[in-house]
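One letter stands for each residue in the lines below.
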Amino acid sequence: MNNRLVCFKAGAGSALRSAVGSAVVEVVIMAAMLAFVVFPVFSTVMERYILLDKARLIRDSVDMTNISVYNALNTERLGKVSVDFFDEKAGDIFRELLCRNLKLDSGLIPRSDSVAEAQVEILSLTFYKEGFPVVCPDGSTIKRPAVHSCVNIPIRPSLYRGVILNLLGRDHIDVIVHVDSEIPVNN
Amino acid sequence: MPARAVVTGVILVIMISLLVYFIEFFLPLSAKADLDIACRDSLLRMENGGGLDNDDRSELQEELEAAGFTNIVINAAANARQGELLTLHVEGDYSWNRLTDLFVREDQVIRMMYEKTTMSRKVVN
């Protein structure tokens, strides 16, 4: 009788130890999943979403800027069914509107509320007036009068900024936005 | 065995709460994208029409209200000649109910803003 009681107690203790051990293992596995799977995956998805959102914002700004170049059309030539731009005026309009829409100063240096984190660079700005179809420097085919612009906007990541920039060995990430906008010549 | 079931249950609850917490981070970002898209459409119409008329203003207001914005402020010129700058400035409060703690949900409000400038191309006003 005593032997059977001892055996029962030993069996119950072993089962309890096993249950407690398994619960601890589950908690450890959950903590590991959180630390090594859930948080990194969430951070990556969130960071990517924010970067894409910033890129969309910049693309919209550059597109609105491109379209404003309409005001540099040579209207006299337009009346003779020929599209021509006053190139200097077009360049000035582009620069002014880019500064306003991306919140930059006249030297293309970002103000405090700008999406850019360092000096913005206009890599290319071309006005296509004739000889269509033409291929822009970034490979898009243009079939109508259009403005091609390519702008480099340095931005920084939002989450784990220091870690990502250290890994890349850079101060910022260069977002190169290329936009071709057709000019509505007949309103 | 009941101990294991309890632990599994607690872990599941925590994981689901975390998942909900993470997903709800995207709600204001999505609302900002909606605001930007609606305002961009209005700005393109402004550029073409030489300003934001009352119909367009009401349409923008309704669109933003439908997207969940309140206290909307819209500032834009109603009339501009060709070559004049047109700025659309829109602000609104976006409120959403989010998980702030395990089993605790609270209303959060964030002020969002859109400001872009274009140049009027309407020749005759």
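Refer to the structure presented above.
The rules behind these values
Residues numbered from 1 in each chain as written. Chains lettered and ligands numbered in written order. Predicted model: local features only at pLDDT ≥ 70, side-chain atom pairs only at ≥ 80, totals over all residues. Heavy atoms only, no water. Helix = DSSP H or I, 4+ residues; strand = E, 2+ residues; numbered from the N terminus. Buried < 20%, exposed > 50% of the residue type's maximum accessible area, 1.4 Å probe, protein only. Lys, Arg positive; Asp, Glu negative; His and termini not counted. Salt bridge = Lys/Arg side-chain N within 4 Å of Asp/Glu carboxyl O. Contact = heavy atoms within 4.5 Å. Core = buried A, V, L, I, M, F, W, Y, C linked by side-chain atoms within 4.5 Å. Phe/Tyr/Trp six-rings, centres within 6.5 Å; stacked < 30°, edge-to-face > 60°. Expected span 1.5 Å × (residues − 1). Arc of directions from axis to C-beta. Buried area = accessible area lost by both parts, 1.4 Å probe. Polar contact = N/O pair within 3.5 Å; in protein donor to acceptor, adjacent residues only side chain to side chain. Pairing = 2+ DSSP bridges.

**Student:** Would you mind going over the side chain of arginine 98 of chain B with me for this structure?
**Tutor:** Inspection of the secondary structure assignment puts arginine 98 of chain B in strand β2 (residues 85-101). Buried and unpaired, arginine 98 of chain B has glutamate 24 of chain B as its nearest opposite-charge partner, separated by 5.0 Å.

**Student:** Sorry if this is basic, but what is going on with the environment of phenylalanine 94 of chain A here?
**Tutor:** All names here are of chain A. If you trace the backbone, phenylalanine 94 turns up in helix α3 (residues 87-102). For the pair phenylalanine 94 and valine 69, spaced 25 residues apart in the sequence, the C-alpha separation amounts to 6.3 Å. Beyond its immediate chain neighbours, meaning those up to four positions away, phenylalanine 94 contacts Thr65, Asn66, Val69, Ile122, Leu125, Ser149 and Val151.

**Student:** Would you take a moment to explain the nonpolar core for this structure?
**Tutor:** Burial of nonpolar side chains together is a common tendency in soluble globular proteins. If you look at the biggest cluster of nonpolar residues, it comprises 31 residues, and the most contacted ones within it are Ile58 and Ile153 of chain A. Within the residue set of this core, elements represented by two or more residues are α1 (2-68), α3, β4 (146-155) and β5 (173-182) of chain A. Here this core gets seven residues from one element, more than from any other, and that element is α3 of chain A. Look past the residues within four positions of isoleucine 153 of chain A in its chain and what remains in contact with it is Ile58, Leu102, Ala116, Val120, Ile173, Asp174, Val175 and Val177 of chain A. Judged by nonpolar contacts, the second largest core, of 22 residues, contains Ala31, Leu52, Leu64 and Tyr94 of chain B.

**Student:** Can you walk me through the packing of aromatic side chains in this structure?
**Tutor:** Aromatic rings in a pair are described by how distant their centres are and how their planes are angled relative to each other. Taken as a whole, this structure holds nine aromatic pairs over all chains when the rule is applied. Measuring from centroid to centroid gives 6.3 Å for phenylalanine 42 of chain A and phenylalanine 26 of chain B, while their planes differ by 85°, and the two rings are edge-to-face. Of this pair, phenylalanine 42 of chain A sits in helix α1 while phenylalanine 26 of chain B is found in helix α2 (residues 26-49), placing the two residues in two different chains. Overall, phenylalanine 42 of chain A belongs to the buried group, its relative accessible area being 14%.

**Student:** What am I meant to see in helix α1 (residues 2-23) of chain B here?
**Tutor:** In an α-helix there are 3.6 residues to a turn, and that puts residues three or four apart on one side. All names here are of chain B. The terminal C-alpha atoms of α1, which comprises 22 residues, lie 31 Å apart, in line with the 32 Å expected from a rise of 1.5 Å per residue. Taken together, the buried positions of α1 are occupied by Val7, Ile11, Ser17, Leu18 and Phe22. One side of α1 holds all its buried residues, which, seen down the axis, span an arc of 135°. Of the exposed residues in α1, those oriented more than 90 degrees away from the buried face are Pro2, Ala5, Val6, Ile16, Leu19 and Ile23.

**Student:** Can you help me understand the interface of chain B and chain A in this one?
**Tutor:** Accessible area lost upon the coming together of the parts is a frequently used measure of interface size. Of the residues lining the interface, 30 residues belong to chain B; the matching set on chain A comes to 33 residues. Summed over both partners, the interface of chain B with chain A buries about 3100 Å², with 66% contributed by carbon and sulfur atoms. Considering only the surface of chain B that becomes buried against chain A, Phe22, Arg40 and Arg121 of chain B emerge as the three largest contributors, covering 19% of it. At the boundary of chain B and chain A, one finds three salt bridges. Counting every contact that joins chain B to chain A gives 10 residue pairs in polar contact (both at pLDDT 80 or more). At the level of elements, α1, α2 and β3 (104-119) of chain B are the ones that each hand at least two residues to the side of chain B that touches chain A.

**Student:** Sorry if this is basic, but what is going on with the pairing of β4 of chain A here?
**Tutor:** Remember that side chains alternate between the two faces of the sheet whenever the strand is regular. Residues and elements named next belong to chain A. Among the 10 residues that make up β4, 10 are buried, leaving the element largely enclosed by the rest of the structure. Every second residue of β4 is oriented toward a common face, with Ala146, His148, Cys150, Asn152 and Pro154 on one face and Val147, Ser149, Val151, Ile153 and Ile155 on the other, all of them buried. Here strand β1 (residues 121-128) pairs with β4 via seven bridges, running antiparallel. Bridge pairing links threonine 126 to histidine 148 in β4.

**Student:** Please clarify how the side chain of histidine 178 of chain A should be interpreted in this entry.
**Tutor:** Residue and element names in this part refer to chain A. Along the chain, histidine 178 falls in strand β5. Here the side chain of histidine 178 touches aspartate 180 through a polar contact of 3.0 Å, side chain to side chain. Excluding its chain neighbours within four sequence positions, the residues that come into contact with histidine 178 are Arg59, Cys136, Asp138, Ser140, His148, Ser149 and Cys150.

These figures come from the coordinates and say nothing about function on their own.
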